[in-house]
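Each chain, letter by letter, is given below.
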Amino acid sequence: MYDTIATLMTAIFFTAAFAYIHACEQLKTRPRND
Amino acid sequence: MSLNGWLQLVLFIAAVLLLAQPIGTYLTRVFERRKTFLDPILVPCERLLYRLTCVNPTQEMRWTAYASAMLVFSAATMILTYVVERLQHWLPLNPQHLANVEAALALNTAVSFTTNTNWQSYVPETTMSYLTEMLGLATHNFWSAAVGMALAVAFIRGIARRETNTLGNFWVDLTRATLWVLLPFSVVLSLALISQGVVQNLRPYDTVKLMEPQKVTGTDGKTSTVATQTIAQGPVASQEAIKMLGTNGGGFFNTNSAHPFENPTPLSNLLEMLAIFLIPAGLAISLGQMVGSPKHGWAVLAAMTVLWFAGTLTCYWAESQPNQLFHNAHLSIDQHVSPLQSGGNMEGKETRFGIANSALFATVTTDASCGAVNSMHDSFMPLGGMVPMANILLGEIVFGGVGAGLYGMLVFVVMAVFIAGLMVGRTPEYLGKKIEAFDVQMSMLYLLIFPFIILGFSAVAVLMPNLGLSSLANHGPHGLSEILYAYTSATGNNGSAFAGLNANTPWYNLSLSVAMFFGRFMMIIPMLAIAGNLAQKKIVPASAGTFPVTTPLFTALLVGVIVIVGALTFFPALSLGPILEHLLLRAGMSF
């Protein structure tokens, strides 16, 4: 069971990290209203 | 505290500062791809590696590509380690026929070594085969440190470059950090350690007959006689060298650098501590050289040295104090320093190293993200144990981990110049680059993720008795310190432990894995985003309103920002842990 959990956690970790890169990049390029 | 102890502290920091300049100059040459004396041997190896891996070394990367390459590399190497651990029983180089590593522990260890944490929820000599130690773990000691150096150099390029959107090539930086820096330095240090008696072999463990057989009572109440002792062997020196140089810290033996096969003499102890600070100190000098302001590198190094001194002084003082409980109980225990004894609190310390070298090692290993130990931090006096924890809580930027310390410090530099800009009412500038909203947002993200993970997980562990408290050895404020230290060490990618917590449980293995992973990568990404943004900016000429970053005033402001941010964030948690324990100890209570 823990092999499955480990696989899932690894997948989630790295997916989250790639999404995080995208989110940071979006934050930089979003239009500002200040 | 003794004169002998003070002299050893002075000798250590003098050696670090003397070596910083030549090491820094060498690192600058390596990462600027200038000529070095190792080129005739290493350039052909480098070219061959690029050809085999289809890497184009002239291709430049944006920060997003740089971060993605780093993640792909980390994922691949993490999976490799996990697979080796899970299959080690059937793989070669396992003379003790050790079983496959259990899955939750294998995940924890794979994440731990990939993230440069080297948190060990296991006893290495009875859990990991020689193949796992070498292929699964020692390789990560090189790779994770090389990744840290590559990232620091990318950040420096972000500051140094102008009007470009690239930070270099991750694969080239990774390769050069490994081939030119970590491998040759490790070979030299390994040989030095072998000369001091550190073992290096692939033999099965030795079994020796005890001179005096011992009667022991097992947990089942049965008494038996133990007549033999198993003495673990292995390729220790090679792992020990990169363990310290790469600020990894994962010991070949459970007692880490307190084991005589890992750290046999006072000289090996000094070399190991120097190895921790060598590359981080050199990188600060490289920062100054690569951005064209050597004085700025020295100003940053000065801030690191001031913080190192404050931590070492506090820890040395705390551990030199007599234990109040012995005094209150009127036991005739002499706790004063004399030619025959170290005095103070010697519980959990090696008599070979004494108070000064134990306090210094504990401070150095947590200033950097090393995590190796030559004494047991759990046995320190409350305030002495608070110092290693506080060092990690500050972000391990006092010299810091290889690369990780410098880029962490540079985020604080961005915050310091931002605050200085606010104070004089001007747009803040850092070495000619204007610090704008995005840079500050990313800096705050970097600084806030860290306490969020540490305090969040610690709170959950404390509030869930079946998960967080079930494997705790001590209660009260000391128990809180053990939990807080575990999540601090994991999130800070340090890896040292307060020994009173058994972390080899499903809850701790999995939650610490999450803490280690997010503590590494979720901080790297905003840091790289700042670097990418800085690289795009124009250089603004210095004016009367520009805050100089080469002066003692800058060093003082930087130290102030680091201490205030750390104190405001973590003082409440520390006051419930080590500070409360200190006060209760003085009132005669222990935990």
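Refer to the structure above for everything that follows.
*Asks:* So what exactly am I meant to see when it comes to the overall build of chain B here?
*Replies:* Secondary structure summary: chain B contains 19 helices and 4 strands in total. Relative to a compact globule of 591 residues, whose C-alpha radius of gyration would be 25 Å, chain B shows 24 Å and is just as compact. Along the longest, intermediate and shortest principal axes, the C-alpha atoms of chain B span 80 × 55 × 50 Å. Residue burial in chain B is summarised as follows: out of 591 residues, 60% are buried. Pairs at least 24 apart in sequence give 78% of the contacts found in chain B among residues at least 6 apart. Accessible surface, chain B: about 22,400 Å² in total, of which carbon and sulfur atoms supply 67%.

*Asks:* Could you clarify how one ought to interpret the overall build of chain A in this entry?
*Replies:* Assigned secondary structure in chain A consists of 1 helix and 0 strands. Here chain A holds 34 residues, and 29% of them are scored as buried. Counting only carbon and sulfur atoms, one obtains 65% of the accessible surface of chain A, whose full area is about 2,400 Å².

*Asks:* When you look at a nonpolar patch on the surface in this model, what are you seeing that I'm missing?
*Replies:* Residue and element names in this part refer to chain B. Together, V460, V462, L463, M464 and L467 make up a nonpolar patch on the protein surface, roughly 390 Å² of accessible area in all. A total of 3 residues in the nonpolar patch trace back to one element, the largest contributor, which is helix α15 (residues 437–463). Counting through the fold element by element, V460 comes out in helix α15.

*Asks:* Help me understand the packing of helix α4 (residues 103–114) of chain B against helix α18 (residues 506–535) of chain B, please; the structure alone is not making it clear to me.
*Replies:* Any two packed helices are characterised by the angle at which their axes cross and by the distance between the axes. Residues and elements named next belong to chain B. Axis separation between α4 and α18 bottoms out at 9 Å; the angle between their running directions is 20°. In terms of axis orientation, α4 runs roughly parallel to α18. As for the relative orientation of α4 and α18, their crossing is left-handed in sense. For the pair α4 and α18, contact is made by A104, L105, L107, N108, V111, S112 and T114 and by Y508, N509, L510, L512, S513, M516, F517 and R520, respectively. Here the contact of α4 with α18 is built from residues that sort into 9 nonpolar, 5 polar and 1 charged.

*Asks:* Got a minute to help me understand the pattern of salt bridges in this structure?
*Replies:* If charged atoms from side chains of opposite charge come close, those side chains can pair. Residue and element names in this part refer to chain B. The full count for this structure, using the stated rule, is 14 salt bridges over all chains. Ionic pairing is found between R161 and E60, a salt bridge with its closest N-O pair at 2.7 Å. Taken together, the residues span a long stretch of sequence, with R161 in the loop between α6 (130–160) and α7 (170–196) and E60 in the loop between α2 (39–53) and α3 (63–87) at a distance of 101 residues. A relative accessible area of 24% means that R161 is categorised as partly exposed. Notably, a salt bridge pairs D206 with R203, separated by 2.8 Å at the nearest N-O pair. Residue classification places D206 among the partly exposed positions, given a relative accessible area of 27%. Classification of R203 as partly exposed rests on a relative accessible area of 39%. Overlapping salt bridges bring together R33, E46 and R176 as one network.

*Asks:* Would you explain helix α12 (residues 354–367) of chain B in this entry?
*Replies:* Turn by turn, an α-helix covers 3.6 residues, leaving residues three or four places apart pointing in a common direction. Taking 1.5 Å per residue as the helical rise, α12(B) with its 14 residues ought to reach 20 Å, and the 20 Å between its terminal C-alpha atoms agrees with that figure. Of all 14 residues that make up α12(B), 14 are buried, and the element is covered over most of its length.

*Asks:* I'm lost on the side chain of T127(B) in this one. Help?
*Replies:* Residue and element names in this part refer to chain B. Within the element layout of this structure, T127 appears in helix α5 (residues 124–127). Relative accessible area serves as the criterion here: at 17%, T127 is assigned to the buried category. Of the polar contacts made by the side chain of T127, one reaches the backbone oxygen of V123; its length is 2.7 Å. Dropping the residues within four chain positions of it, T127 is found in contact with Q88, L98, A99, V101, L105 and Y122.

*Asks:* Would you take a moment to explain the packing of helix α13 (residues 382–393) of chain B against helix α17 (residues 476–491) of chain B for this structure?
*Replies:* Residue and element names in this part refer to chain B. One way to put it is that α13 packs onto α17 with a least axis distance of 10 Å and a crossing angle of 35°. You can see that α13 and α17 cross each other, and the crossing is left-handed. Every residue of α17 that contacts α13 at P388, M389, I392 and L393 is listed here: S481, L484, Y485, T488 and S489. Its residues assigned to classes, the contact of α13 with α17 comprises 6 nonpolar, 3 polar and no charged.

*Asks:* Just checking my understanding: could you explain the interface of chain A and chain B for this structure?
*Replies:* How big an interface is tends to be expressed through the accessible area that disappears when the partners come together. Taken together, the contact pairs 19 residues of chain A with 37 residues of chain B. Buried surface at the junction of chain A and chain B, summed over both partners, amounts to about 2,300 Å²; 77% is from carbon and sulfur atoms. Ranking the residues of chain A by area buried against chain B places F13(A), Y20(A) and K28(A) at the top, with a combined share of 28%. The interface formed by chain A and chain B holds 2 salt bridges in total. Linking chain A with chain B are 5 residue pairs in polar contact (both at pLDDT 80 or more).

*Asks:* Explain the packing of aromatic side chains here, please?
*Replies:* Evaluated as defined, the whole model comprises 27 aromatic pairs over all chains. With centroids separated by 5.8 Å and ring planes inclined at 80°, the aromatic side chains of F73(B) and W143(B) adopt a geometry described as edge-to-face. Here the residue F73(B) occupies a position in helix α3, and W143(B) occupies one in helix α6, the gap between them amounting to 70 residues. Residue F73(B) is classed as buried on the basis of its relative accessible area, which comes to 14%. Their ring planes at 50° and their centres at 6.4 Å tell us that W308(B) and F309(B) sit as a pair that is tilted. Relative accessible area serves as the criterion here: at 4%, W308(B) is assigned to the buried category. Residue class for F309(B) comes out partly exposed when judged on its relative accessible area of 41%. Through a chain of ring-to-ring contacts, three or more aromatic side chains come together here, namely F13(A), F14(A), F517(B), F518(B) and F521(B). Its guanidinium or amino end placed over the ring of W180(B), R176(B) lies 4.1 Å from that ring's centre, counting from NZ or CZ.

*Asks:* What is the right way to look at the pairing of strand β2 (residues 223–231) of chain B in this model?
*Replies:* Two faces, one strand: in a regular strand the side chains alternate between the faces of the sheet. All names here are of chain B. As paired strands, strand β1 (residues 206–217) and β2 are joined by 8 bridges and run antiparallel to one another. Bridging from a neighbouring strand, K215 pairs with T225 of β2. Hairpin connection from β1 to β2: 5 residues lie between these consecutive antiparallel strands, with G221 at a positive phi of about 85°.

*Asks:* Help me understand the state of the cysteines, please; the structure alone is not making it clear to me.
*Replies:* Structurally, a disulfide amounts to a covalent bond that connects the sulfur atoms of two cysteines. All names here are of chain B. The tally for this structure, following the rule as stated, stands at 0 disulfides over all chains. With no disulfide of its own, C45 has C54 as its nearest cysteine by sulfur position, at a separation of 18 Å. The class of C45 is partly exposed, set by a relative accessible area of 34%.

*Asks:* How should the environment of V198(B) be read in this particular structure?
*Replies:* Mapped onto the fold, V198(B) is located in the loop between α7 and β1. The residues contacting V198(B), other than those within four sequence positions of it, are L193(B), V236(B), A237(B), F261(B), E262(B) and P264(B).

*Asks:* Help me understand unusual backbone geometry, please; the structure alone is not making it clear to me.
*Replies:* Residue and element names in this part refer to chain B. One non-glycine residue with positive phi stands out, namely L93, at about 60°. Its place among the elements puts L93 in the loop between α3 and α4. The phi torsion at E163 lies on the positive side, around 50°, for a residue other than glycine. With respect to the helices and strands, the residue E163 is situated in the loop between α6 and α7.

Quick notes on the rules
Note that residues are indexed from 1 along each chain, following the sequence as it is written. The naming scheme follows written order: chains are lettered A onward, ligands numbered 1 onward. Since the coordinates come from a predicted model, pLDDT governs what is reported: local features require at least 70, and pairs of side-chain atoms require 80 or more to be given and counted, while whole-chain, interface and lining totals use all residues. Heavy atoms throughout the structure, all of them, feed into the side-chain values; hydrogens and water do not. Numbering goes from the N terminus for both helices and strands, where a helix is a DSSP run of H or I of at least four residues and a strand is a run of E of at least two. Atoms counted for the radius of gyration: C-alpha only. Globule rule: 2.2 Å times the number of residues to the power 0.38. We call a residue buried when its accessible area falls under 20% of the maximum for its residue type, exposed when it is over 50%, and partly exposed in between, using a 1.4 Å probe and counting protein chains only. We call two residues in contact whenever any of their non-hydrogen atoms come within 4.5 Å of each other. We get accessible surface area from the Shrake-Rupley algorithm with a probe of 1.4 Å; when it comes to residues, only the shown protein chains can shield them. For patch detection, residues must exceed 30% relative accessible area and be free of salt bridges, and they are connected within 9 Å for like charges or within 5 Å for nonpolar side chains (Val, Leu, Ile, Met, Phe, Trp, Tyr). One speaks of a salt bridge when a side-chain nitrogen belonging to Lys or Arg is within 4 Å of a carboxyl oxygen belonging to Asp or Glu. Here the axes come from fitting lines to C-alpha atoms, over the contacting stretch only for helices, and the angles between their N-to-C directions go from 0 to 180 degrees. Working definition: roughly parallel below 35 degrees, roughly antiparallel above 145 degrees, roughly perpendicular at 65 to 115 degrees, and oblique for all remaining angles. Two helices that cross are described as forming a left-handed crossing if the nearer one is turned anticlockwise from the farther one by less than a right angle, and a right-handed crossing if clockwise. Three classes are used: nonpolar for Ala, Val, Leu, Ile, Met, Phe, Trp, Tyr, Cys and Pro, charged for Asp, Glu, Lys and Arg, and polar for all others, with Gly counted as polar. Take the number of residues in a helix, subtract one, and multiply by 1.5 Å to get its expected span. Polar contacts here mean pairs of N or O atoms no more than 3.5 Å apart (in protein, one a potential hydrogen donor and the other a potential acceptor; neighbouring residues in sequence count only if both atoms are side-chain atoms). Buried area is a sum: the accessible area each of two parts loses on coming together, probed at 1.4 Å, counted once for each and added. Stacked, tilted and edge-to-face pairs are distinguished by plane angle, under 30 degrees for stacked and over 60 for edge-to-face with tilted covering the rest, among Phe, Tyr and Trp rings (Trp via its six-membered ring) whose centres lie within 6.5 Å. The rule for a charge over a ring is simple: NZ of Lys or CZ of Arg within 6 Å of the ring centre, and within 35 degrees of the ring normal. Between any two strands, pairing holds if DSSP finds at least two bridges. Note that a disulfide, as used here, is simply two cysteine sulfur atoms within 2.5 Å.

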